[in-house]
Amino acid sequence: MATNAKNEDSEVLSVDGHDVAVTHPSKPYFTKETKLSKLDIVRYYLSVAPGALGGIRGRPIVLKRFVDGAEGEAFYQKRAPEKRPPWVRTVTLAFPSGRTAQEIVVDDAAGLAWVVNLGCLELHPHAVRETAMEHPDELRVDLDPGPGVVWEDVRRVALEVRALLEEHGLTGWPKTSGSRGIHINVRIEPRWSFSDVRRAALALSREIERRVPTLATSKWWKEERHGVFLDYNQNAKDRTTCSAYSVRPLPDARVSTPLEWSEVPDCNPADFTVLTVPARFAERGDPHARIDEFPGSLEPLLELANRDEAAGLGDAPWPPHFRKGDSESTRVAPSRAKGVKAASKGASKAPRSKAPKMPLLIIAHSPSKEAALAGLERWKAKYPAVVPHLAVDDVLIDAMRGRSSTWTRIRVNLRHVPEAERPPQETPDPDDDPTRAWREAMRKSP
């Protein structure tokens with residue numbers, strides 16, 4: 001239950017016995033298709049608090065902060081703010097680098113309102129509980145459609161995932177991603193390491209690719225993908241994705257919404273927004289309310305991984321800041337590769353196989369997606385004869401995660417452009433990679 005008191009700079013809500021100050025409550029957070037203030041977003045989260053807490057309670061969370069609203073640039077804050085209410089707890093989380101940090105744990109609706117007031121439109125919990133910080137209790141299946149992929153194909157892949165999980169004794173809980181994809185969360189017993197969970201997710205992704213090869217892919221490099229990408233790396237340690245009832249920074253204020261499986265064949269992600277989900281929640285409750293009652297075993301998926309490895313499939317690429325896996329193949333994008341060694345450990349004497357070098361150009365780097373897209377339009381205007389040759393998925397718009405913020409990289413694949421007509425690589429416009437200085441410093445450090 002929330003009540004409130006106003007002054008000029010803040011509105012104090014009384015939430016379950018705690019006072020939560022919402023600073024600058026009238027600050028616009030959405031101004032395009034939907035008009036919503038910061039206070040509107042806080043009240044939205046309070047209206048669905050039991051469901052939102054189900055995805056984050058007892059878990060360390062990364063604060064993804066949109067301090068200028070959904071239309072501003074976001075940044076990631078892993079460490080808990082020093083100034084916080086005494087009733088907001090933290091836990092110590094160890095990163096893959098070996099460093100540690102205190103991260104926020106949200107226990108109740110008051111804590112939820114407090115983190116939303118910091119600008120957290122999205123909620124980003126880790127896949128572990130504070131009681132078992134090195135043993136995930138959730139396998140995350142992230143269905144990420146590529147450019148031009150229709151929603152029907154995403155739903156078909158989701159149903160294939162459901163069938164595969166059931167064959168292996170696991171229960172999947174689907175939700176819209178709040179954008180163009182679907183997430184399927186799977187409760188597991190907290191007995192396995194992050195590496196084991198990722199290995200199981202990779203095996204699942206490869207099996208789905210085998211079952212529906214025209215619809216799905218497990219390929220990490222974007223220039224190799226087609227259809228719906230099953231992002232197995234969302235299960236690596238320190239990776240997070242938005243949880244249930246998270247608000248996404250799209251013009252219509254879409255929400256990552258839990259679904260019943262019976263809804264998946266006919267659902268439309270645009271139907272689930274800040275304006276519609278509270279009424280749905282009040283009427284139907286949370287479709288994922290019982291998710292914790294069905295933890296399963298990873299052993300069947302790990303057996304599938306064993307069979308893949310016995311057949312010669314080694315590890316797949318990890319995110320760039322992770323240590324290279326023992327059986328991981330060369331961590332070089334096909335667009336940059338000249339030759340690739342055999343992937344499996346101990347095969348160093350195998351002949352080098354030629355990998356096709358993808359004709360990829362980097363067009364723009366920028367912390368601002370709008371600035372990067374403007375650079376793409378300038379490039380198209382400079383090379384108008386190239387544009388008719390480009391397929392939808394030849395333009396790669398990558399949301400890159402830096403040390404504390406996201407930025408946009410735009411590349412163009414010239415594979416469909418006759419070789420004699422391909423433009424050269426030029427200095428990207430704009431050329432503002434916010435991680436460049438940090439990466440150069442890391443290379444120079446002993």
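This text follows the structure it describes.
Since the structure is predicted, the reported quantities are computational estimates derived from the model, not experimental observations.

Student: Is there a simple way to explain the pattern of salt bridges in this structure?
Tutor: Side-chain pairs of opposite charge can arise whenever the charged atoms involved come near each other. A complete count under the given rule lists 37 salt bridges for this structure. Among the ionic pairs, arginine 59 bridges to aspartate 137, the shortest N-O distance being 2.8 Å. With a gap of 78 residues between them, arginine 59 in the loop between α2 (49-56) and β6 (60-65) and aspartate 137 in the loop between β10 (124-125) and β11 (138-145) connect regions that are remote in the sequence. A single burial state applies to arginine 59 and to aspartate 137, both of which are buried. As a salt-bridge pair, lysine 382 and glutamate 426 come within 3.1 Å of each other at their nearest N and O atoms. Residue lysine 382 is located in helix α8 (residues 369-382), and its partner glutamate 426 is located in the loop between β18 (406-413) and α9 (436-444); the two are separated by 44 residues in the primary sequence. Judged by its relative accessible area of 52%, lysine 382 is exposed. Using a relative accessible area of 30% as the deciding quantity, one classes glutamate 426 as partly exposed. Residues joined by salt bridges that share partners form a network here, namely Arg59, Arg129, Asp137, Glu138, Arg140, Arg187 and Asp292.

Student: Would you explain the sheet that holds β18 in this entry?
Tutor: One key point about sheets: their strands pair by backbone hydrogen bonds, in either a parallel or an antiparallel sense. The strand order across the open sheet formed by three strands is β16-β18-β17, and the pairing between neighbours is antiparallel. Two strands in the sheet have a free side with no partner beyond their single neighbour: β16 (360-366) and β17 (395-401). On average, each strand axis in the sheet is inclined to that of its neighbour by 25°, with strand direction left out of account.

The rules we used
Residues numbered from 1 in each chain as written. Predicted model: local features only at pLDDT ≥ 70, side-chain atom pairs only at ≥ 80, totals over all residues. Heavy atoms only, no water. Salt bridge = Lys/Arg side-chain N within 4 Å of Asp/Glu carboxyl O. Helix = DSSP H or I, 4+ residues; strand = E, 2+ residues; numbered from the N terminus. Buried < 20%, exposed > 50% of the residue type's maximum accessible area, 1.4 Å probe, protein only. Pairing = 2+ DSSP bridges. Axes fitted to C-alpha atoms, helices over the stretch in contact; angles between N-to-C directions.

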